[in-house]
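This is what each chain is made of:
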Amino acid sequence: MCTWWLAGGPFSFSSGIDLAIRRKDFPWPDSYHAEPLFREKVGPVCRPDKVPLWFSGEEGNARLLPDTPLLHSRTRPDAWHQWASVAGLKVPDGTGQTFEHFYISLQAAVAGLGAAIGPWNLVRDDLESGMLVAPLGFIADGSEYFLLSPGELSADGPHRALLSWLRSVA
């Protein structure tokens, strides 16, 4: 049986975890084996009917309007500023709300409460279904996700099979 864990921040393999999927946003021990999965791409997302209220311009030249309600999260408090820095844009000082986790901020975007920063891998199903749109597209934010293990993965075991599957869907 393979026990794996997907969450944020530091952890320990000594608690019975075989594998972990982590964003490279904290230092991990040199003893961990890290297999790269994908680079994080993020962008503002909102409900399609809110685009005319919160964005202006045509695709490729769109911009966020100053009074757009921004949705923030405690788990990624600087997401808007990090995105703006990479995008070369300024974050409006408009109103907004802060939620405990960025997953909840994305649900608030689906509900029409504002625009949230969405990681492409997390919102791609909502984009495909039409629940959300990304008027400014997505850009790499400089972070990356890895599959971590306490040692090298065997060539033909279940951990290697999981790694192959994760890479195929990323």
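The sections below set out a description of the structure shown in this document. (Residues numbered from 1 in each chain as written. Predicted model: local features only at pLDDT ≥ 70, side-chain atom pairs only at ≥ 80, totals over all residues. Heavy atoms only, no water.)

## Here we look at the pattern of salt bridges
So, point 1. Tallied over the entire structure, the rule returns eight salt bridges.
So, point 2. When the shortest N-O distance is used, the salt bridge between Glu40 and Arg76 registers 3.2 Å. Here Glu40 is found in strand β3 (residues 33–45), whereas its partner Arg76 is found in the loop between β6 (70–73) and α2 (79–87), with 36 residues between them in sequence. The pair formed by Glu40 and Arg76 is uniform in burial state, with each residue classed as buried.
So, point 3. With a closest N to O distance of 2.7 Å, Arg47 and Asp49 form a salt bridge.
So, point 4. The exposure class assigned to Asp49 is partly exposed, which follows from its relative accessible area of 44%.
So, point 5. Connected via shared salt-bridge partners are Arg23, Glu40, Arg76 and Asp141. (Salt bridge = Lys/Arg side-chain N within 4 Å of Asp/Glu carboxyl O. Helix = DSSP H or I, 4+ residues; strand = E, 2+ residues; numbered from the N terminus. Buried < 20%, exposed > 50% of the residue type's maximum accessible area, 1.4 Å probe, protein only.)

## With respect to the side chain of Ser149
So, point 1. Relative to the helices and strands, Ser149 resides in strand β9 (residues 139–149).
So, point 2. Not counting residues up to four positions away in its chain, the partners in contact with Ser149 are Phe13, Asp18, Leu19, Tyr32 and His33. (Contact = heavy atoms within 4.5 Å.)

## Concerning empty space enclosed by the protein
So, point 1. By the definition in use, this model includes one cavity of 30 Å³ or more.
So, point 2. Here the largest cavity defines a volume of roughly 140 Å³.
So, point 3. Those elements that provide at least two residues to the lining of the largest cavity are β6, α2, α3 (102–110) and β8 (115–119).
So, point 4. At four residues, α2 tops the list of elements feeding residues into the lining of the largest cavity.
So, point 5. By residue class, the composition of the lining of the largest cavity is nine nonpolar, four polar and three charged. (1 Å grid on protein atoms, 1.4 Å probe; cavity = no way out; pocket = protein on both sides within 12 Å on 5 of 7 lines; lining within 4 Å. Points joined across faces, edges and corners; volume = space filled by probe spheres on them. Nonpolar A, V, L, I, M, F, W, Y, C, P; charged D, E, K, R; others polar.)

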